[in-house]
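# Descriptive analysis of the structure
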Amino acid sequence: MEMQILFNRIKDVYVRMSRAAMKADRSPDEVQLIAVTKTVEAGLIREAVACGLRVFGESKVQEAKNKITGGEVSAMSERLSWHLIGHLQKNKVRDAVQLFDLIHSVDSVELADEIDRQAERIEKVQRVLVQVKLSEEETKHGLAENVLFPVLERIRGKKHVTAEGLMTIPPFLDDLNSVRPYFIRLRELRDSAAAEGFSLPELSMGMSHDFEAAIEEGATMVRVGTAIFGERGLQ
Ligand SMILES: *Cc1c(COP(=O)(O)O)cnc(C)c1O
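All values reported here derive from a predicted model rather than from experimental measurement.

With that out of the way, let us pick up the side chain of Ser 105. Relative to the helices and strands, Ser 105 resides in strand β4 (residues 102–106). Ser 105 sits in the buried class, given a relative accessible area of 0%. At 2.6 Å, the side chain of Ser 105 and the backbone oxygen of Gly 86 are in polar contact. Here Ser 105 is in contact with Leu 84, Ile 85, Gly 86, His 87, Leu 88, Leu 111, Leu 129 and Gln 131, once residues within four sequence places are set aside.

In structure tokens, the structure reads:
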């Protein structure tokens, strides 16, 4: 991809993020852009780094490992931060704690237990978000709302995992006004968790087609792929 095109897309995303924040009386620097690089080749990631991006989201551990530890991107890895945004299987946790600064997708006690165990091995405190499932779709991972607090309680007792916020993936809806209630619900859950003594400042919500609505409703991290790198498989 032409560097100028990539730069303009990134600039456009930042402008839209800033506008959405200001519209909601928030400071633009309360919202972090996670550039989603699943299926994006290393060469294009290098260009994104040249454009100023430093924080990247991957949805599969193996794909991320190949990029981060092998080949073109690895030389720059020190300067970059990688987040896992996709579902994490227990047998991949050992690699995941090595690779990722933040895991957005903790969705069970068993997974939190395993992250704690593997993070302890490498003397790390793994930062995580708890993924909440707010819609009925069969395909989506995430904890049901009614077990969120017990799971947070369980994580609070662990030395090598720290929960910093919540994440959700709402259903894909063209009408943004139908998506907004999911973002509002995640913020409300965060606020009621705070009332129970759980400090969860981060809200990871919003993708290419709905990140402005997410920011207006309180997102602190947006996960944006297509708006930066183009349609997956077609770039
Ligand atoms: C792919 C993906 C994104 C980015 O989606 P775009 O529509 O390309 O911006 C965000 N979050 C998760 C969990 C994803 O898997």
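Here the narrative resumes.
Take the site of the ligand next. Taken together, the neighbourhood of the ligand is formed by Val 36, Lys 38, Ile 85, Ile 169, Met 207, Ser 208, Arg 223, Val 224, Gly 225, Thr 226 and Arg 232. Residue Lys 38 places a side-chain N or O atom 2.6 Å away from an oxygen atom belonging to the ligand. The separation between an oxygen atom of the ligand and a polar side-chain atom of Arg 232 is 2.8 Å. Considering the ligand on its own, with 390 Å² of exposed area, one finds that the protein chains cover 90% of that surface. For the shell around the ligand, the per-class residue count stands at five nonpolar, three polar and three charged.

Here we come to the nonpolar core. If you look at the biggest cluster of nonpolar residues, it comprises 69 residues, and the most contacted ones within it are Ile 115 and Ile 228. The element contributing the most residues to this core is helix α1 (residues 3–23), with six residues. Among the nonpolar cores identified, the runner-up in size contains six residues, and Ile 34, Leu 102, Leu 129 and Met 167 belong to it.

Overall, the coordinates contain 18 salt bridges when judged by the stated rule. For Arg 180, the salt bridge is made with Glu 216, and the minimal N-O distance between the two is 3.0 Å. One end of the pair, Arg 180, is in helix α7 (residues 176–195); the other, Glu 216, is in helix α8 (residues 211–216), and 36 residues separate them in sequence. Among the residues examined, Glu 216 registers a relative accessible area of 21% and is labelled partly exposed. Beyond isolated ion pairs, a larger network of salt bridges with shared partners links Lys 23, Arg 180, Arg 187, Glu 216 and Glu 217.

Right, let's talk about the packing of aromatic side chains for a bit. Per the stated rule, a full pass over the model turns up two aromatic pairs. Between the aromatic rings of Phe 149 and Phe 198, the centroid separation amounts to 5.9 Å while the plane-to-plane angle is 45°, which identifies the pairing as tilted. With Phe 149 in helix α6 (residues 148–156) and Phe 198 in the loop between α7 and β7 (202–204), the pair connects residues that are 49 residues apart, well separated along the chain.

The periodicity of an α-helix, 3.6 residues per turn, causes residues three or four places apart in sequence to face the same way. Within the span of helix α2 (residues 42–50), buried status applies to Ala 42, Leu 44, Ile 45, Ala 48 and Val 49. What you see down the axis of α2 is that its buried residues fit within an arc of 160°, all on one side. Tucked into the core, α2 has its buried residues touching α1, β2 (55–58), α3 (61–69), β3 (81–84) and α9 (226–229). Two residues or fewer past α2, Gly 52 is found with a positive phi of approximately 115°.

Cut-offs and rules
- Residues take numbers from 1 onward in each chain, read along the sequence in its written order.
- Local features in this predicted model are restricted to residues whose pLDDT is 70 or higher, and side-chain atom pairs enter the listing and the counts only when it is 80 or higher, whereas totals over whole chains, interfaces and linings include all residues.
- With hydrogens and water excluded, all non-hydrogen atoms of the structure serve as input to the side-chain values.
- Strands here mean DSSP runs of E at least two residues long; helices mean DSSP runs of H or I at least four residues long; both are numbered from the N terminus.
- Partly exposed residues are those whose accessible area sits between 20% and 50% of the maximum for their type, while under 20% is buried and over 50% is exposed, using a 1.4 Å probe and protein chains only.
- Polar contact criterion, stated in full: a pair of N or O atoms within 3.5 Å, where within protein one must be able to donate a hydrogen and the other to accept it, and residues adjacent in sequence count only if both atoms are side-chain atoms.
- Here, residues are in contact when the closest pair of their heavy atoms is within 4.5 Å.
- Consider each residue's heavy atoms; a residue with any of them within 4 Å of a molecule or strand counts as near.
- The Shrake-Rupley method, run with a 1.4 Å probe, gives the accessible areas here. Residue values count only the displayed protein chains as cover.
- Amino acids are sorted into nonpolar (Ala, Val, Leu, Ile, Met, Phe, Trp, Tyr, Cys and Pro), charged (Asp, Glu, Lys and Arg) and polar (every other residue, Gly among them).
- For our purposes a nonpolar core is just a set of buried Ala, Val, Leu, Ile, Met, Phe, Trp, Tyr and Cys residues, chained together by side-chain atoms within 4.5 Å.
- The rule for a salt bridge is simple: a side-chain nitrogen of Lys or Arg has to be within 4 Å of a carboxyl oxygen of Asp or Glu.
- Classification of ring pairs rests on two measures: the distance between centres of Phe, Tyr or Trp rings, Trp counted by its six-membered ring, which must be within 6.5 Å, and the angle between planes, read as stacked under 30 degrees, edge-to-face over 60 and tilted in between.
- Read the arc as the range of directions from the helix axis to the C-beta atoms.

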